[in-house]
Amino acid sequence: GTLKIQTAADTDLRCPSSSSLNNLIIDHASCIASSPGDNKPPIAGDLTINQGKYSLLDSGGSTTHQSTVTGNVIIGDGSGSANTAIFEGRDDSVTFGSLLIASDGQYDATSGTTTITSEDNATGYAWYNVSGTFTHNSGTVNFTSTADTHLRDDTFYNLTITGGASSSDFYYRPKDGGTGAVTIAHDLTIVEGLFRPAGAAGALTVTGDVSIESGGVLGQDDSSGAMTFGSLTIASGGTYTATSGTTTLATADTQRAGYGGQPSALEVISGGTFTHNKGTVKLTSVYDQ
């Protein structure tokens, strides 16, 4: 069944890890529902915040805990003004089946890891920011789906594509659904799976390092959008299928020594694949590399 919270008061939700809720709905604009410490209820179905706030931080200042929603997390119902429905992650590690942020929704992400495991059949997205607010809080978003997966937002901080199979496609596009750049404000790591634009002209900007591990692929054969990375590392078994436009390597990875001890702008380790697609590589870093 479904538990629906409509109180205007601040309230706690406590549930031992041996038990769980099925569906949970928060539905009052003045409600702040908090789940403290080790008593955070696992949610076996969906979490829906129509209005109000669901917070993983208790009044004593919780340390890191795990919070799991097996189904969909839906923040906002699209009927109110901006940011009237809020999920507050803070320091916890959270796992969602999928995430939808409506126009009146806000996801204040954990500074740890938000893991997304599947795709919502109703929307066709694993992560869909309709026109709401996503505050990354310098955290990581990790996609682990074994099936083809779609994500739609403008900016992440750390993004990891773990996948469950090297044949899984992960399609990215900006919030407006167009071909503008999706930005990753720190690092992109592709452990396994194919991370590619939803349209050939889709652009990608990664401020930090792009690491493509064995079984990971970035790009597609007909890609033409601008790619801008801090640096690019392709491990043995990894592949970068370059844009036919320009791949700009902007800063070099000053944190990781490459060949000869110098910071690496571009490093293709033996067994890695760089497919140029008749594109241009442009180096703009001020560092020796």
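Right, let's walk through the structure included here. The numbering scheme is per chain: residues are counted from 1 as the chain's sequence reads. Restriction of local features to residues with pLDDT of at least 70 applies here, the model being predicted, together with a cutoff of 80 or more for giving and counting side-chain atom pairs; totals for whole chains, interfaces and linings are based on all residues. Side-chain metrics rest on all non-hydrogen atoms present in the structure, leaving aside hydrogens and water.

### Some thoughts on the side chain of Arg152
To keep things clear, this is the line we draw: Runs of E in the DSSP output that reach at least two residues are strands. Runs of H or I that reach at least four are helices, and both are numbered from the N terminus. Here's how the labels work: a residue is buried when its accessible area is under 20% of the maximum for its type, exposed when over 50%, partly exposed in between, all with a 1.4 Å probe on protein chains only. Here the positive residues are Lys and Arg and the negative ones are Asp and Glu; neither His nor the chain ends is included. Every case where a carboxyl oxygen of Asp or Glu lies within 4 Å of a side-chain nitrogen of Lys or Arg is listed as a salt bridge. Within 3.5 Å is the distance limit for a polar contact, defined as a pair of N or O atoms, with the added protein rule that one can donate a hydrogen and the other accept it, and that residues adjacent in sequence qualify only through two side-chain atoms.
Looking at the element boundaries, Arg152 is found in strand E13 (residues 149–152). Despite its burial, Arg152 remains without a salt bridge, the nearest opposite charge being carried by Asp176 at 6.3 Å. Of note is the side chain of Arg152, whose polar atom sits 3.0 Å from the backbone oxygen of Lys175.

### Quick word on the pattern of salt bridges
Scanning all chains against the criterion turns up four salt bridges. One salt bridge in this structure joins Asp27 and Lys4, with 3.7 Å as the shortest N-O distance. A residue pair is termed long-range when its members are at least 10 positions apart, and Asp27 in strand E3 (residues 23–34) and Lys4 in strand E1 (residues 2–5) qualify at 23 residues. Ionic pairing is found between Arg14 and Asp12, a salt bridge with its closest N-O pair at 3.2 Å. On the basis of relative accessibility, which here comes to 42%, the residue Asp12 falls in the partly exposed class.

### Focus on the pairing of strand E12 (residues 140–143)
We apply this condition: The criterion for strand pairing is that DSSP finds at least two bridges linking the strands in question.
Burial of the side chains of E12 extends over both faces: Thr140 and Asn142 are buried on one face and Val141 and Phe143 on the other. Alignment of strand E9 (residues 113–116) against E12, held across four bridges, turns out to be parallel. The residue bridging Thr113 from the neighbouring strand is Thr140, located in E12. Sheet topology places E12 next to strand E15 (residues 158–161); four bridges connect them, and they run parallel. Considered in E15, the bridge of Thr140 is made with Asn158.

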